[in-house]
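# Chains, contacts and geometry: an overview
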Amino acid sequence: MKTSIGIKDADLKKVAKLLNVLLADEHIIYMKTRNAHWNVEGADFHAAHLFLESQYDELAEVIDEVAERVRTLGHYAVGTFDKYLKLTRLTESTSEKTDSQSYYKELLSDHESIAMSIRGDIAVVEGTADNGTEDFLVGLLEKHEKMAWMLRAHFIK
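Residues numbered from 1 in each chain as written. Predicted model: local features only at pLDDT ≥ 70, side-chain atom pairs only at ≥ 80, totals over all residues. Heavy atoms only, no water.

### Some details on the overall build of the protein chain
Our working rule: Each helix corresponds to a stretch of at least 4 residues labelled H or I by DSSP, and each strand to a stretch of at least 2 residues labelled E; elements are numbered beginning at the N terminus. Radius of gyration here uses only the C-alpha atoms, and the compact-globule reference equals 2.2 Å multiplied by the residue count raised to the power 0.38. Note on definitions: a residue-residue contact is assigned when non-hydrogen atoms from the two residues lie within 4.5 Å. Here, Shrake-Rupley sampling with a 1.4 Å probe gives the accessible areas, and only protein chains in the shown set may cover a residue. Residues scored as positive are Lys and Arg, those scored as negative are Asp and Glu, and His as well as the terminal groups of each chain are ignored. Here the site of a charge means atom NZ of a Lys, CZ of an Arg, CG of an Asp or CD of a Glu.
Per the secondary structure count, the protein chain includes five helices and zero strands. Here the C-alpha radius of gyration of the protein chain, 17 Å, is about what a compact globule of 157 residues would show, namely 15 Å. If one aligns the C-alpha atoms of the protein chain with their principal axes, the spans along those axes are about 55 × 30 × 20 Å. A separation threshold of at least 6 residues defines the contact pool for the protein chain, and within that pool the share at least 24 residues apart is 78%. Surface accessibility of the protein chain: about 8800 Å² in total, with carbon and sulfur atoms responsible for 55%. Of the side chains in the protein chain, 19 bear a positive and 27 a negative charge, and the two mean positions are spaced by 6 Å.

Okay, structure coming up:
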C-alpha cells in the first residue's frame, strides 16, 4: 500500500536512500564495536569488555530504529553486508592491534564521522517536508556525540 503522509514520493525516496546509507554506517560501526568487544586484550580487559558491550547494545537499538524509519517512509531497509559495504561512508577495521586504546581511537573516529555525516543528512532532509526524519536524525546525532564523548573520556590529555 502506498505511503500517504504528506511528503512527496520523490522526497520519501531520497530520504529513504539517505537512511539506508546511515543504516550501512550503523552496521559497520556495530560490527567494529563487537569485534573490539570480542578481541580486546590488556590489563583493562574486563572494564573495556563491559564498556564495549554497552556501546554495541546501544548501536543495536539504533540499527533497528533506522531500519524502522525507512519502513515508515514506505521503502525497504537494506539488509545484507554486501549492500552495507557498498553504501557505507566508513571503512572496515584495518588495525591488527587488540588493545583498548587502539580500538577506542578507531571507534571514536567513526562516531565523529557519523555525527558529521548526520549533520549533512539533516541539511538534506530540511529541504523536504519530513520533519519526523529530521527530528529522528537530531536524536541519532545526540547519541553518536554522546558515544564519542564516552570513548574520548578514556584518553588522558
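Read on for the rest.
### As for the pattern of salt bridges
In plain terms, the rule: A carboxyl oxygen of Asp or Glu within 4 Å of a side-chain nitrogen of Lys or Arg is what we treat as a salt bridge. Burial classification: accessible surface area is computed with a 1.4 Å probe over protein chains only, and a residue below 20% of its type maximum counts as buried, one above 50% as exposed, and the rest as partly exposed.
Taken as a whole, this structure holds ten salt bridges when the rule is applied. One salt bridge in this structure joins R89 and D25, with 2.7 Å as the shortest N-O distance. Residue R89 is found in the loop between α3 (81-87) and α4 (100-126), and its partner D25 is found in helix α1 (residues 9-39); the two are separated by 64 residues along the sequence. For R89, a relative accessible area of 34% puts it in the partly exposed group.

### Regarding a nonpolar patch on the surface
As a reminder, the rule being used: Within the patch definition used here, like charges are joined within 9 Å and nonpolar side chains (Val, Leu, Ile, Met, Phe, Trp, Tyr) within 5 Å, considering only residues with over 30% relative accessible area and no salt bridge.
Side chains of M31, W38 and F81 sit close together on the surface and give an oily, nonpolar patch of about 310 Å² of accessible area. Topologically, W38 is positioned in helix α1.

### Brief notes about the nonpolar core
Let me state the cut-off plainly: To form a nonpolar core, buried Ala, Val, Leu, Ile, Met, Phe, Trp, Tyr and Cys residues must be joined to one another through side-chain atoms within 4.5 Å.
Of all hydrophobic cores here, the largest spans 44 residues; its most connected members are L19, L22, V66, I118, L137 and L140. Counting residues per element, the ones that place at least two in this core are α1, α2 (45-72), α4 and α5 (131-152). Counting residues per element, this core draws most heavily on α1, at twelve residues. In contact with V66, not counting residues within four places along its chain, are L19, L22, L23, E26, F136 and L140.

### Concerning the packing of α2 against α4
Two quantities define a packed helix pair, namely the angle between the axes and the distance from one axis to the other. Counted only if it meets this: Think of each axis as a best-fit line through the C-alpha atoms, taken over the contacting stretch in the case of a helix, with angles from 0 to 180 degrees between the N-to-C directions. In what follows, roughly perpendicular refers to angles from 65 to 115 degrees, roughly parallel to angles under 35, roughly antiparallel to angles over 145, and oblique to any angle outside these ranges. By definition, any crossing whose near helix is turned counterclockwise from its far helix by less than a right angle is left-handed, and any crossing with a clockwise turn is right-handed. Under the grouping applied here, Gly and all other residues not named as nonpolar or charged are polar, the nonpolar ones being Ala, Val, Leu, Ile, Met, Phe, Trp, Tyr, Cys and Pro and the charged ones Asp, Glu, Lys and Arg.
Running from amino to carboxyl end, α2 crosses α4 at an angle of 20°, the nearest separation of the two axes being 12 Å. With respect to each other, α2 and α4 are oriented roughly parallel. As α2 runs across α4, the sense of the crossing is left-handed. Contacts from A48, F51, L52, Q55 and L59 in α2 reach S100, Y104, L107 and H111 in α4. Of the residues belonging to the contact of α2 with α4, the class tally is six nonpolar, three polar and no charged.

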